[in-house]
Amino acid sequence: PKLIPADIKKKALFEQAASIELNNFDPFASKAVAEIVFKPYLGLTPNKEVHQELIVELGKRLDAYNVILSKQKYIAGDEFTLADLFHLPYGWLLKASGSDILYDEKRPNVVRWWKDITSRDSWQAVKDNVIESNA
């Protein structure tokens, strides 16, 4: 599939979805992962309270994702795009940080979407090279 739609309306939805990831997913997921997974690599002490606060805030954003995904298959509509791919690295590392937030059944549409994008052959081919849990 084309990862960035050519159709003007679909491209606008893609741009909107990319902005949602940039402002509502990445800031919380990346900091939560850094707190537990990356700090030990830097010789720093992880703060589990900060991690949990970030996960709670991410959960609030995922509540909105759940509503969006109740109306469409992917973040930018019914076609898989780069906006979905943007979630994979830190989304995958959330589990390594000790969080199963993307598998929380109180957000069934998020779970469906997450299982869909992480089961793709392209992700399966590279996922094992992503840092595994030390937590």
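Residues numbered from 1 in each chain as written. Predicted model: local features only at pLDDT ≥ 70, side-chain atom pairs only at ≥ 80, totals over all residues. Heavy atoms only, no water.

K.L.:
Mind showing me how you'd approach the packing of helix α2 (residues 48-69) against helix α5 (residues 108-118) here?
P.N.:
Geometry of a packed helix pair, given as the angle between the helix axes and the separation of the axes. Remark: α2 packs on α5, axes separated minimally by 7 Å, with the N-to-C direction vectors making an angle of 80°. As judged from the angle between their axes, α2 and α5 are roughly perpendicular. The residues of α5 that touch α2, namely those facing Leu62, Tyr65, Asn66 and Leu69, are Pro108, Asn109, Val110, Arg112 and Trp113. For the contact of α2 with α5, the per-class residue count stands at six nonpolar, two polar and one charged. (Axes fitted to C-alpha atoms, helices over the stretch in contact; angles between N-to-C directions. Helix = DSSP H or I, 4+ residues; strand = E, 2+ residues; numbered from the N terminus. Parallel < 35°, antiparallel > 145°, perpendicular 65-115°, else oblique. Contact = heavy atoms within 4.5 Å. Nonpolar A, V, L, I, M, F, W, Y, C, P; charged D, E, K, R; others polar.)

K.L.:
Could you clarify how one ought to interpret the packing of aromatic side chains in this entry?
P.N.:
For any pair of aromatic rings, the description rests on two quantities: the centre-to-centre distance and the angle between the ring planes. Taken as a whole, this structure holds five aromatic pairs when the rule is applied. Centroid distance tyrosine 74 to phenylalanine 80: 5.6 Å. Interplanar angle 75°. Geometry classified as edge-to-face. Taking the centre distance of 6.0 Å and the plane angle of 55° together, the rings of tryptophan 113 and tryptophan 114 count as tilted. As far as burial versus exposure is concerned, tryptophan 113 and tryptophan 114 are alike and both buried. Through successive ring pairs, a cluster of aromatic residues spans Phe25, Tyr65, Trp113 and Trp114. A cation over an aromatic ring shows up here: lysine 95 above the ring of tyrosine 103, its NZ or CZ 5.0 Å from the ring centre. Over the ring of phenylalanine 80 we find arginine 120; its NZ or CZ atom is 3.6 Å from the centre of that ring. (Phe/Tyr/Trp six-rings, centres within 6.5 Å; stacked < 30°, edge-to-face > 60°. Buried < 20%, exposed > 50% of the residue type's maximum accessible area, 1.4 Å probe, protein only. Lys NZ or Arg CZ within 6 Å of the ring centre and 35° of its normal.)

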